[in-house]
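Coordinate inspection notes
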Amino acid sequence: MPSLYQLLFLILLFPASAICLAQAVDANNQSISIAIGAEPPDLNSMTSTDQSSIFILDHVMQGLLRFGKDGQLLGGVAERWTLNNEEAVFWLRKDALWSDGRAVTAHDFVYAWRTVVDPKTASQYAFILYPIKNAEAINQRGMLAEELGIVADSDFVLRVKLERPCAYFLSLMAFVTYYPMREDFHQTHSNQYAADAGKLLFNGPFILDKWVHGAELALVKNQFYWDREHVRLNRIEVPFITTDTSTTFNLFKDNKIAMAGLDVATISNALEHRLPIKKFNDGAVFYLEFNHRANRLTRNKNLRKAIQSVFNANELVNKVIGVPGNKPGESLFPQWLQGKSHSFRQEYPAQKVHFNIAKGKEYLALAKKELQLKKFPSLTLLSGDSPGASVQAEYFQQVLSRYLGLELKLDKQIFKQRLAKMTSGDFDLVAAGWGPDYNDPMTFADLFASWNENNRGRYSSEEYDQWVKVAQGSSDVDVRMSAFGKLQHILIENAVLIPQYERGYVYVQNAHLTGVVRRIFGGDPSYYYAYVE
Amino acid sequence: MTESLSVSETLSPELFEPMTIEMSVDKFEQPSITYWQATWQKLLRNPKAVSSLCIITCLVFITLVGPFIWTVDPAIQDLEQISQPPSWGRSALVVDDFGIWQGVPITEMEQGEEDGPLVLKVIGKGNTEYVRLTWRPIKGISEYHIYRNEFVPLDIATLGIPLAEIILIDGEAVGYEDRLKLSERDYYYSVVAIEQVMNREDSDTDMPIAVYSTIRVSVIQGVTKADALFLNLESEEVNGAQTVKLPLHPFGTDGLGRDILSRLMHGARTSLLIGILAPLIYIAMGVVYGGVSGYRGGRTDEVMMRFADFVIALPFLLFMILLKVAFGIGPGESGILPMIIALIMLGWPSVARIVRGQTFVIKEEAYIQAARLMGAKPFYLVYRHVLPNVLPLIIVSLTFAIPATIFTEAFLSFIGFGVVPPNPSWGSMCNDGLQHMLSTPHELIFPASVICIAVLCFNLLGDGLREAMDVKS
Amino acid sequence: MFKYLLKRLASGAITVWFIATATFWAMHSVPGDPLLNDKAVDPEIRKNLEESYGLDKPLWHQYGLFLGNMLQGDFGYSYTQRNRKVNDIIRDHFPVSALLGVIALLIAVSGGVVFGAITAVYKDRMPDHIIMVIVILTVSIPNFVFAALSQLGVLNLNEWLGNTFLPVAGWGSWQHIVLPAWVLGLGTLAYLTRLMRSSLLEEEGRGYTLTAHAKGLSRFRILYKHQLKNAILPVITVIGPTIAAITTGGFVVELVFSIPGLGRYYVQAVQQLDYTVIMGTTVFYGAFLVIMVVLVDIVYGFIDPRIRVGQ
């Protein structure tokens, strides 16, 4: 039997040493194992945009500032700082080192930020540096990168000139695109920078020790990190890369990983096994966006209000989605946003839209009259390809036909085709979502400004733009919050969009693992303070 | 028996007349039938094949007639009965319509012992629309976390699903209304009173010291007034409460409360059409292509087979997206015919390869050579000799292509190709069912079973056909 | 033989070129492009991006550049994994898919031949019926279910044994291959079982079988010594394309079991319209398929000299 020999031969070829059967948590070595959904596609902090890259980068690198346990801003590479309407100054700590032992200097920030805004780098997140003087001009209008408003006064003092007052500038300092980069190291590897674990330089609490593409990563405590005594984990193994929730749940039950997300199907099994369940909101808001372009029926306000009146976000969240942790959407501005002294939504509650079929029909009749239609033609909903997205789209289809007699056609498209249609405006409604980039209501508010490319429905209102500019141009909390309040009112009053839900998750976490911080900004989850009991 | 007949009585002159030639010997001869007729007759003598044929006929019949008997609309979402296992004649309590329940004002609560344990109370009857909880707040504590479990909690770590965090403001009402995917069963609700921990920065524990208490709630089926009215359900008084009979779902419902029986019957149309038609055509194509290629051999074979390799190596998903765009299938338009065409365009080469290989072997057989020498035309040779010899393999390929195509159809629905939602197909029902495989397996079991039955029948039928065609047996 | 091989490889190269060309134009005709992302970018930034990737050039120009690079064996950098070369992606992940695929195929072929033989020998008796039902179940239930069920099975086994008998998912040791290879090979195993049964039964009425029966040889000896060689031909025919299919089509299994195979990158690349990765992997698989098909044709000749190629 030749096949048997072949089999034996292949088995011998396979690295027998690599048998990886590490347990979920190990208290003696302070090491844990976890799974991630996708391999980090781009660990170059200057260009990366996705969740899993940001998760790794957050653990292996550090910007001027960082987020603490409760999401408050703490010193990172900078130990003190000042901010006014014109400029920000950062004093860097002298014990912040790169993983090869050399100090992190102000020049590393200058180099990184200039590279990000350089059009040749083609960084998709370059816009997040636009509060810095001349950043936009360099990135879009060919000004030289040296003109960027950033100066290293000395090795350890960094002066940043602002384009305009920016109230949330400090919270940007913890964002990946603002991380430092050492010129010599980056130049040596040029295009191949961040292609492998060996082609990366670190200044964060951990270093990337091992990276087998598509298979596993391992983070090890960084011995050069300035705050190393607060980092208690020695090793974070990531031996599994999969999005399949039933696999991660099985791995959790097999004591192979320390955390696992749950879905509708696995929740009751987790309850049956008496696993401790936690929940978490990741800050993203999902909504149905109308197309406001000239030739679209959905440009009609009464039609939009009719749809708004018969949509019940509570039913969607509780019956159709059915996963705990999601909150019914009431506004584009989610509940967690900070206002002046309380949450923004406590200070400026979203006006309630009551579920009312009769009212919806009234609006629809008005719309029919205004549009001079005998019968409404069908509308098109552009939606994603995930099972969850399909179910929600089919639910919404039923809502419209049941309560308004409107026919809704579903246009299910996979990722890039959907984006192409969103960009060209080939839809009446689109199921969209937005995850915040920085900790300020502006990250949501300017979405519907007429100049924003992410305003896929091309909503355009002078009043709205005006209030966005007010909030952008001021650093006064009262002025800004009341402007956001106005914006929220305009969005709901004109039914510009229909909020669906604020996304949430439930997950199980190993009982011995504590101190894990779930958060909206920066890498999530954060193992900075985590340890094994 | 003894016979004593005299010779004179038995012999007669007629006996010595010459016989006329009669054609009655022909009784041994069967009417001349072709090979295919013989096959059909043999097939009808195979009980397994006949019963399979009957079941397939039944399936087709149910597909065509079923929806007129079981007239439930497969698209109607019965949100009161989401993911309901098979059941018969359920009744439900009519409850208030959706509204914001504020809880019970603190002032209206009965005064109890100060700082006593948390006492939970259910307001009204817990039903699948809502469970309303209230409790008397502990003095000085304003933060309460609500948990729900389907099993008895053992300690504070096993309270179950965290539902909400409630922060009480002085003088307001206390309460929590749970509406999250409730089904008819017992739940254990727990409320945890969280003491304010001053120094959170320094504390390492996630959960501060807390008091909790648990209550068991037996949830009964409920339906809102509006929905009862909308679904045209007749209500009756039972023990002073309005109840209604809920719509019947003999096979249960799916994740959006749609009737699985009805969806199976409607889905059969798409799935059987695509699952049978597409493989039949592309296998026929493959047979012709492979037959020609193998029979001609040489340069023709070389070119034809390289083209087949070319088609096999094309990235399937990419070309399906391309074909979808090329056919101009807009949103909400049925892509079934284009999908069949697309499947045919990309599906034929594997069969072509098998047929070509067999043709190579068969054409060298002595009887083919003999037939050829006798002047048989290539078409006749392929039809009469090659085809019957490769048919068994074709049948195997066909019976496997059916489920594969049914699942491919479902897979392609994720690029918006194929059936238009909310129209069902067996494959897409399976895919939907996969999401709930562990919690409500009936959503997967029913569609998977009908696919199994259909495939089993086609296999048995194919087996019968193979035997019937085997001239050697 | 050598001349034949050369000829086949030359025609194979032309086939690959056709595949590459068709895929290139198909990829560019599909709406969307690799630069689109969840968060829209300003037209100016988009222009920068297009320039830096050379997407601003006319398609013919891009096609020419691609062909030139392809001849040098260079497919460029991936769009989604911005710092990785497509060649590195293939080099790192193809061996994984291949190993998994080969093991799955071994399971499928050996299982298929054995079960096919059993069902042929015990035709219309209990073993035949049981295997038939299992085969039907295998093909009528989505692969995903078997993946999940076998994971649960292993999980319970591990719990019962108190230690890790087999890993539930992951990659890195031979134990990790068992479960995914089994799930991946299952469908092919079922197919080959039926194919083998059918083709063995065809041999049943042939002269040499009757002679062997007359000689008094045992049923299994006839099967092993005589029939198998003739009946295995269709099985070999399907193996060529199946190797290609099993190594590309394993993406569900790779995803569920967290295996760093190329199939996963391939499907992701199509969804993400990662132009360079699509081209690199398609060309690679095309070449792989062509070679497999040549190999199968040569193997044909060994098994059945009547169709020896190159003559």
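Residues numbered from 1 in each chain as written. Chains lettered and ligands numbered in written order. Predicted model: local features only at pLDDT ≥ 70, side-chain atom pairs only at ≥ 80, totals over all residues. Heavy atoms only, no water.

1. Remarks on the overall build of chain C
Assigned secondary structure in chain C consists of 13 helices and zero strands. Taken from N to C terminus, the helices and strands of chain C fall in the order α-α-α-α-α-α-α-α-α-α-α-α-α. Counting over 311 residues, chain C shows a buried share of 59%. Within chain C, residue pairs in contact and separated by at least 24 positions form 71% of the contacts whose partners lie at least 6 positions apart. Per element, the accessible surface of chain C, about 12,500 Å² overall, is 67% carbon and sulfur. (Helix = DSSP H or I, 4+ residues; strand = E, 2+ residues; numbered from the N terminus. Buried < 20%, exposed > 50% of the residue type's maximum accessible area, 1.4 Å probe, protein only. Contact = heavy atoms within 4.5 Å. Areas by Shrake-Rupley, 256 points an atom, 1.4 Å probe, with all protein chains shown as cover.)

2. Some remarks on the nonpolar core
Ranked by size, the top nonpolar core spans 388 residues in total, and within it Phe90, Trp113, Leu158, Phe169 and Tyr527 of chain A carry the most contacts. Beyond its immediate sequence surroundings of up to four residues, Tyr527 of chain A is in contact with Ile32, Ile34, Phe55, His59, Phe206, Leu233, Ile236, Met259, Leu513 and Val516 of chain A. In this structure, Ala92, Val94, Leu233 and Val244 of chain B belong to the second largest nonpolar core, which totals seven residues. (Core = buried A, V, L, I, M, F, W, Y, C linked by side-chain atoms within 4.5 Å.)

3. Concerning the interface of chain B and chain A
Across the contact, 49 residues belong to chain B and 45 residues belong to chain A. Taken together, the two surfaces of chain B and chain A that pack against each other cover about 4,400 Å², and 56% of this comes from carbon and sulfur. Counting every contact that joins chain B to chain A gives five salt bridges. Across the pair Glu165 of chain B and Lys279 of chain A runs a salt bridge whose closest N-O atoms are separated by 3.1 Å. Going through the elements one at a time, strand E5 (143–149), strand E6 (161–167), helix H4 (225–230) and helix H7 (316–326) of chain B are the ones with two or more residues in the side of chain B that touches chain A. The element best represented in the side of chain B that touches chain A is E6 of chain B, accounting for five residues. (Buried area = accessible area lost by both parts, 1.4 Å probe. Salt bridge = Lys/Arg side-chain N within 4 Å of Asp/Glu carboxyl O.)

4. Topic: the packing of helix H9 (residues 301–310) of chain A against helix H12 (residues 357–371) of chain A
The axes of two packed helices give the description: the angle between them and the distance between them. Residue and element names in this part refer to chain A. One way to put it is that H9 packs onto H12 with a least axis distance of 8 Å and a crossing angle of 165 degrees. Relative to H12, H9 is oriented roughly antiparallel. Here H9 runs over H12; the crossing is left-handed. The residues of H12 that touch H9, namely those facing Asn302, Leu303, Lys305, Ala306, Ser309 and Val310, are Ile357, Gly360, Tyr363, Leu364, Leu366, Ala367 and Glu370. Considered class by class, the residues forming the contact of H9 with H12 number eight nonpolar, three polar and two charged. (Axes fitted to C-alpha atoms, helices over the stretch in contact; angles between N-to-C directions. Parallel < 35°, antiparallel > 145°, perpendicular 65-115°, else oblique. Left-handed = near helix turned anticlockwise from the far one by under 90°. Nonpolar A, V, L, I, M, F, W, Y, C, P; charged D, E, K, R; others polar.)

5. Re the confidence of the model for chain C
Residues and elements named next belong to chain C. Summing up the model confidence of chain C, the mean pLDDT is 86 and the portion of residues at 70 or higher is 96%. Of all secondary-structure elements in chain C, the lowest mean pLDDT belongs to helix H10 (residues 233–248), at 75, while helix H3 (residues 59–71) reaches the highest, 93. At the level of chain-chain contacts, confidence expressed as ipTM amounts to 0.87, with global pTM at 0.90. (pLDDT = per-residue confidence, 0-100.)

6. Here's the deal with the side chain of Ser190 of chain B
Residue and element names in this part refer to chain B. Position of Ser190 relative to the elements: it lies in strand E9 (residues 186–194). What makes Ser190 buried here is its relative accessible area of 0%. Polar contacts involving the side chain of Ser190 include one to the side chain of Thr214, which spans 3.0 Å. Ignoring anything within four residues of it in the chain, the contact list for Ser190 reads Leu120, His145, Ile146, Tyr147, Pro153, Leu159, Tyr212, Ser213 and Thr214. (Polar contact = N/O pair within 3.5 Å; in protein donor to acceptor, adjacent residues only side chain to side chain.)

7. A closer look at empty space enclosed by the protein
All names here are of chain A. Per the stated rule, a full pass over the model turns up twelve cavities of 30 Å³ or more. Counted as a void, the second largest cavity has a volume near 160 Å³. Looking at the second largest cavity, it is lined by 15 residues, and the ones nearest its centre are Asp58, Gln62, Arg66, Arg519 and Tyr528. At the level of secondary structure, the elements contributing two or more residues to the lining of the second largest cavity comprise helix H2 (51–60) and strand E3 (65–67). Residues belonging to the lining of the second largest cavity are distributed by class as follows: eight nonpolar, four polar and three charged. In this structure, the lining of the second largest cavity is formed jointly by two domains, domain 1 (15–60 + 195–280 + 506–532) and domain 2 (65–189), each of which donates at least three residues. (1 Å grid on protein atoms, 1.4 Å probe; cavity = no way out; pocket = protein on both sides within 12 Å on 5 of 7 lines; lining within 4 Å. Points joined across faces, edges and corners; volume = space filled by probe spheres on them. Domains from an automatic or database assignment.)

8. Here we look at the sheet that holds strand E8 (residues 176–178) of chain B
Two strands in a sheet stick together by hydrogen bonds in their backbones, pointing the same way (parallel) or opposite ways (antiparallel). Residues and elements named next belong to chain B. Judged by pairing direction, the sheet is antiparallel, and its three strands sit side by side in the order E3-E4-E8 without closing on themselves. The open sheet has two edge strands with one neighbour each: strand E3 (120–123) and E8. Taking the axes of each pair of neighbouring strands and ignoring which way they run, one obtains an average angle of 30 degrees across the sheet. Bridging between strand E4 (residues 131–135) and E8 involves three bridges; their strand directions are antiparallel. Its bridge partner lying in E8, Val131 is registered against Asp178. (Pairing = 2+ DSSP bridges.)

9. Overview of the interface of chain C and chain A
Facing the 60 residues of chain C at the interface are 61 residues of chain A. Interface area, chain C with chain A, both sides summed: about 5,200 Å², of which 55% is carbon and sulfur. The largest share of the area that chain C buries against chain A comes from Lys39, Arg82 and Asn83 of chain C, three residues that together contribute 13% of it. Put simply, chain C and chain A have two salt bridges between them. With a closest N to O distance of 3.6 Å, Arg84 of chain C and Glu39 of chain A form a salt bridge. Summed over the shared surface of chain C and chain A, the number is 26 residue pairs in polar contact (both at pLDDT 80 or more). The residue makeup of the side of chain C that touches chain A, split by class, is 30 nonpolar, 19 polar and eleven charged.

10. Thoughts on the confidence of the model for chain A
Summarising the model, chain A shows a mean pLDDT of 91, and 96% of its residues fall at 70 or more. Between the elements of chain A, mean pLDDT differs from a low of 45, seen in helix H1 (residues 2–13) of chain A, to a high of 96, seen in strand E8 (residues 157–161) of chain A.

11. What to know about the pattern of salt bridges
Applying the stated criterion to the full structure yields 59 salt bridges over all chains. Note that Arg235 of chain A is salt-bridged to Glu237 of chain A, the shortest N-O span being 2.7 Å. Residue class for Arg235 of chain A comes out partly exposed when judged on its relative accessible area of 24%. Classification of Glu237 of chain A as buried rests on a relative accessible area of 15%. Where Arg46 of chain C meets Asp33 of chain C, a salt bridge forms, and the shortest distance between an N and an O atom there is 2.7 Å.

12. Some words on unusual backbone geometry
All names here are of chain A. A cis geometry characterises the amide bond from Asp524 onward to Pro525, with omega recorded as -5 degrees. Tracing the backbone through its elements, the reader meets Pro525 in the loop between strand E19 (513–514) and strand E20 (531–532). One non-glycine residue, Asn255, lies in positive phi territory at about 60 degrees. Counting through the fold element by element, Asn255 comes out in the loop between helix H7 (245–253) and strand E12 (259–261). Classification of Asn255 by relative accessible area gives partly exposed; the value is 31%. Here Gln372, not a glycine, exhibits a phi torsion of approximately 50 degrees, which is positive. Turning to its location among the elements, Gln372 is positioned in the loop between H12 and strand E15 (379–383).

13. Quick notes on the packing of aromatic side chains
A full pass over the atoms with the stated rule returns 47 aromatic pairs over all chains. Judged by centre distance (6.2 Å) and plane angle (50 degrees), the ring pair of Phe333 of chain A and Phe484 of chain A falls under tilted. Residue Phe333 of chain A is located in the loop between strand E14 (327–328) and helix H11 (344–347), and its partner Phe484 of chain A is located in helix H17 (residues 477–493); the two are separated by 151 residues in the primary sequence. Of the two residues examined, Phe333 of chain A and Phe484 of chain A, each falls in the buried class. Judged by centre distance (5.5 Å) and plane angle (55 degrees), the rings of Trp135 of chain B and Tyr144 of chain B are tilted. Here Trp135 of chain B falls in the buried class, since its relative accessible area comes to 1%. A residue is classified by how much of its surface remains accessible, and Tyr144 of chain B, at 0% relative accessible area, is buried. Taken together, the ring pairs connect Tyr289, Phe307, Phe310 and Trp348 of chain B together with Trp17 and Phe18 of chain C into an aromatic cluster. Across the ring face of Trp91 of chain A, the terminal group of Arg80 of chain A is positioned such that the distance to the ring centre comes to 4.3 Å. We note Arg185 of chain B situated over the ring of Tyr187 of chain B; from NZ or CZ to the ring centre the distance is 6.0 Å. (Phe/Tyr/Trp six-rings, centres within 6.5 Å; stacked < 30°, edge-to-face > 60°. Lys NZ or Arg CZ within 6 Å of the ring centre and 35° of its normal.)

14. Some remarks on the pairing of E6 of chain B
Residues and elements named next belong to chain B. The element E6 is largely enclosed, with a buried count of five among its seven residues. Sheet topology note: the E5/E6 ladder contains six bridges and is antiparallel. The residue bridging His145 from the neighbouring strand is Glu165, located in E6.

15. Some details on a nonpolar patch on the surface
Residues and elements named next belong to chain B. On the surface, a nonpolar cluster with roughly 390 Å² of combined accessible area is contributed by Leu273, Leu277, Leu280, Ile281 and Met285. For Met285, the position within the fold is in helix H5 (residues 260–296). Overall, the relative accessible area of 37% leaves Met285 in the partly exposed class. (Patch = residues over 30% accessible without salt bridge, like charges linked within 9 Å, V, L, I, M, F, W, Y side chains within 5 Å.)

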